[in-house]
Amino acid sequence: MEDYIIRATAADGAIRAFAVTSKNTVETARSLHNTSPVATAALGRLLSAAAMMGIMLKGEKDLLTLQIRGDGPLQGIVVSADSEANVKGYVFNPYVEVPDKYEGKLDVSKAIGNGNISVIKDIGLKEPYCGQIELVSGEIAEDLTYYFAKSEQTPSAVGLGVLIDRDTTVMASGGFIIQLMPDADDEIAEKLEEKINRTPYVTTLLDMGYTPEDILKLILGDFNLEINEKKEMRFYCNCSRSRVEKALISLGKDELTKIIEEDKKAQLHCHFCNKEYNFNEDELREILKSAL
Ligand SMILES: [Zn+2]
């Protein structure tokens, strides 16, 4: 099955909802970064969330970045998504191991520790929008629920899950975001809350083979659910040799000359996809000609 996101509305527009299946994307991230199971779970949850939040952006060139900084051994996660469900991301310490929360349950909050989560939206304005909150649990879904309530004044339910095989590959990954729009009345809010409280964990649903459509039907089936859009999702890094060259040029003549004289080469690394870009002395001298 391909990775995809669906966008839906329910209760005549009083509710909007997103759900995603992201196994291949998260498995790509795992193999690029060689992440341990708990790091894969943390990164996978944030990638799923970013993909859905990216879809909420309006402009084609809009970009969303989610950053978590924590005092746990994982140290942090950075993911970014565009409005076309292209996502990329990495964790600061991919090899982290922490004891399971209980048998078979990876302890993402222990790996992350205490810290904060930032939501950065670059929607083409002079300054990007940035909202930051303290982590409430470090489990990511709860933290984002709190973020939506506090920073965007939007009551939301967020569910995220990643299932990992014994050999550490990703078996399933996905999640949902359900939000109450300002015109939702109390009756809808109460009914929805009750329904969400009775909804099993996303990992349980994924384990049962639920698709994004199944998940939204389970939660919003009684609310006149309408699925409006389906979009393919993928892991995609837009780094390239010419972008890296531009970054070198922007260092300026003095800095570049110093690199050429001292190191005679440059090696640059893309955090998002782990690719290495190597430049020898001749190539650096060529780049120097374009620098100011
Ligand atoms: Zn890259």
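The helix and strand tally for the protein chain stands at 10 helices and 13 strands. Judged by the C-alpha coordinates and their principal axes, the protein chain covers about 70 × 45 × 35 Å. Here the protein chain, with 292 residues, has 52% of them falling under the buried criterion. In the protein chain, once contacts between residues fewer than 6 apart in sequence are set aside, the share between residues at least 24 apart is 64%. Element-wise, carbon and sulfur atoms account for 47% of the exposed surface of the protein chain, whose accessible area totals about 14,800 Å². Charge centroids of the protein chain, computed over 33 positive and 47 negative side chains, lie 5 Å from each other.

Each pocket or cavity is described by its volume, and for the largest pocket that value is around 710 Å³. Together, 29 residues line the largest pocket, and Ala141, Glu142, Val158, Gly159 and Tyr201 are the ones closest to its centre. Going through the elements one at a time, helix 4 (141-151), strand 8 (156-164), strand 9 (170-180), helix 5 (186-197) and helix 6 (202-207) are the ones with two or more residues in the lining of the largest pocket. Take the lining of the largest pocket: its biggest share by element is 6 residues, from strand 8. Its residues assigned to classes, the lining of the largest pocket comprises 15 nonpolar, 8 polar and 6 charged.

Before going further, it helps to examine the packing of aromatic side chains. By convention here, two paired aromatic rings are described through the distance between centres and the angle between planes. All chains considered together, the criterion is met by 3 aromatic pairs. Each ring, one from Tyr90 and one from Phe92, has its centre 6.0 Å from the other, and the planes form 25 degrees; the classification is stacked. Three or more aromatic residues link up through ring pairs in this structure, and these residues are Tyr90, Phe92 and Phe272. Seen from the ring of Phe279, Arg241 lies directly overhead, with NZ or CZ sitting 4.0 Å from the centre.

Within the protein, Cys237 (SG), Cys239 (SG), Cys270 (SG) and Cys273 (SG) serve as the donor atoms for the zinc ion, at 2.2 to 2.3 Å. Motif for the zinc ion, donor spacing along one chain: C-x1-C-x30-C-x2-C. Judged by relative accessible area, Cys239 falls into the buried class, the value being 16%.

Below, the discussion takes up helix 10 (residues 281-290). Taken together, the buried positions of helix 10 are Leu284, Ile287 and Leu288. Along helix 10, the residues classed as buried sweep out an arc of 110 degrees about the axis, all on the same side. In this structure, helix 10 carries Asp282 and Lys289 as exposed residues pointing more than 90 degrees from its buried face. Residues of helix 10 that are buried in the fold lie against helix 8 (241-249), helix 9 (253-262), strand 12 (265-269) and strand 13 (276-280). Two or three places before Asp282, at the start of helix 10, stands the capping residue Asn280, its side-chain oxygen 3.2 Å from that residue's backbone nitrogen.

So, about the domain arrangement of the protein chain. Domain assignment breaks the protein chain into domain 1 (4-235) and domain 2 (241-291). Each of domain 1 and domain 2 was reduced to a C-alpha centroid, and the two centroids are 36 Å apart. Taken together, the contact between domain 1 and domain 2 spans 8 residues of the former and 4 residues of the latter. A buried area of about 540 Å², summed over both sides, lies between domain 1 and domain 2, and 67% of it is on carbon and sulfur atoms. Of all residues in domain 1, Leu32, His33 and Tyr90 bury the most surface against domain 2, accounting for 65% of the area lost on that side. Our enumeration of links across domain 1 and domain 2 arrives at 0 salt bridges. Put simply, domain 1 and domain 2 have 2 residue pairs in polar contact (both at pLDDT 80 or more) between them. Going through the elements one at a time, helix 1 (23-33), strand 4 (76-82) and strand 5 (86-91) are the ones with two or more residues in the side of domain 1 that touches domain 2. Element by element, the count of residues in the side of domain 1 that touches domain 2 is highest for strand 5, at 3 residues.

What follows concerns unusual backbone geometry. With a phi angle near 50 degrees, Ala11 is a residue other than glycine that sits in the positive phi range. When you line up the elements, Ala11 lands in the loop between strand 1 (4-10) and strand 2 (15-21). The class of Ala11 is buried, set by a relative accessible area of 13%. Within the chain, Ala85 stands out as a residue other than glycine whose phi angle is a positive 65 degrees. With respect to the element layout, Ala85 can be found in the loop between strand 4 and strand 5. Relative accessible area serves as the criterion here: at 0%, Ala85 is assigned to the buried category.

Moving on: the side chain of Lys88. Counting through the fold element by element, Lys88 comes out in strand 5. Buried charge Lys88 goes without a salt bridge, the closest partner of opposite sign being Asp82 at 8.9 Å. Polar side-chain contacts of Lys88 include one of 2.9 Å to the side chain of Asn238.

Calculation rules
Along each chain, residues carry numbers from 1 onward, in the same order as the chain's sequence is written. Two thresholds apply to this predicted model, a pLDDT of at least 70 for residue-level local features and 80 or more for giving and counting side-chain atom pairs, whereas whole-chain, interface and lining totals are computed over all residues. Excluding hydrogens and water, the side-chain figures rest on all heavy atoms present in the structure. In DSSP terms, a helix is any run of H or I states spanning at least four residues, a strand is any run of E spanning at least two, and both are numbered starting from the N terminus. Here's how the labels work: a residue is buried when its accessible area is under 20% of the maximum for its type, exposed when over 50%, partly exposed in between, all with a 1.4 Å probe on protein chains only. In this analysis, two residues are considered to be in contact whenever any of their non-hydrogen atoms come within 4.5 Å of each other. Reported accessibility uses the Shrake-Rupley method at a 1.4 Å probe radius. Residues are deemed covered only where the shown protein chains occlude them. In this charge count, Lys and Arg are treated as positive and Asp and Glu as negative; neither His nor the chain ends contribute. Taken as the charge location is NZ of Lys, CZ of Arg, CG of Asp or CD of Glu. For cavity detection a 1 Å grid was placed over the protein atoms alone, and a set of points counts as a cavity when a 1.4 Å probe fits there but cannot get out; an open set counts as a pocket when protein lies on both sides within 12 Å along at least five of seven lines, with lining residues being those that have an atom within 4 Å of a point. Grid points are joined across faces, edges and corners, and a volume is the space filled by probe spheres set on the points. Charged residues are taken to be Asp, Glu, Lys and Arg, nonpolar residues to be Ala, Val, Leu, Ile, Met, Phe, Trp, Tyr, Cys and Pro, and polar residues to be all remaining types, Gly included. Only the six-membered ring of Trp is used, alongside the rings of Phe and Tyr, when aromatic pairs are assigned; centres must lie within 6.5 Å, and planes under 30 degrees apart are stacked while those over 60 apart are edge-to-face, with the rest tilted. Think of it as a cone above the ring: NZ of Lys or CZ of Arg counts as a charge over the ring if it is within 6 Å of the ring centre and within 35 degrees of the ring normal. Distances define the donors: N, O and S atoms within 2.8 Å of the metal qualify, as do those within 3.2 Å of Na, K or Ca. Water is excluded, so some sites may look unfinished. Arc definition: it is the arc formed by the directions from the helix axis to the C-beta atoms. Polar contact is defined as a pair of N or O atoms within 3.5 Å, subject to the rule that within protein one atom must be able to donate a hydrogen and the other to accept it, and that residues adjacent in sequence are counted only when both atoms are side-chain atoms. The domain boundaries here were taken from an automatic or database domain assignment. In short, buried area is how much 1.4 Å probe accessible area vanishes from two parts on joining, totalled over both. Any carboxyl oxygen of Asp or Glu that lies within 4 Å of a side-chain nitrogen of Lys or Arg is treated as forming a salt bridge with it.

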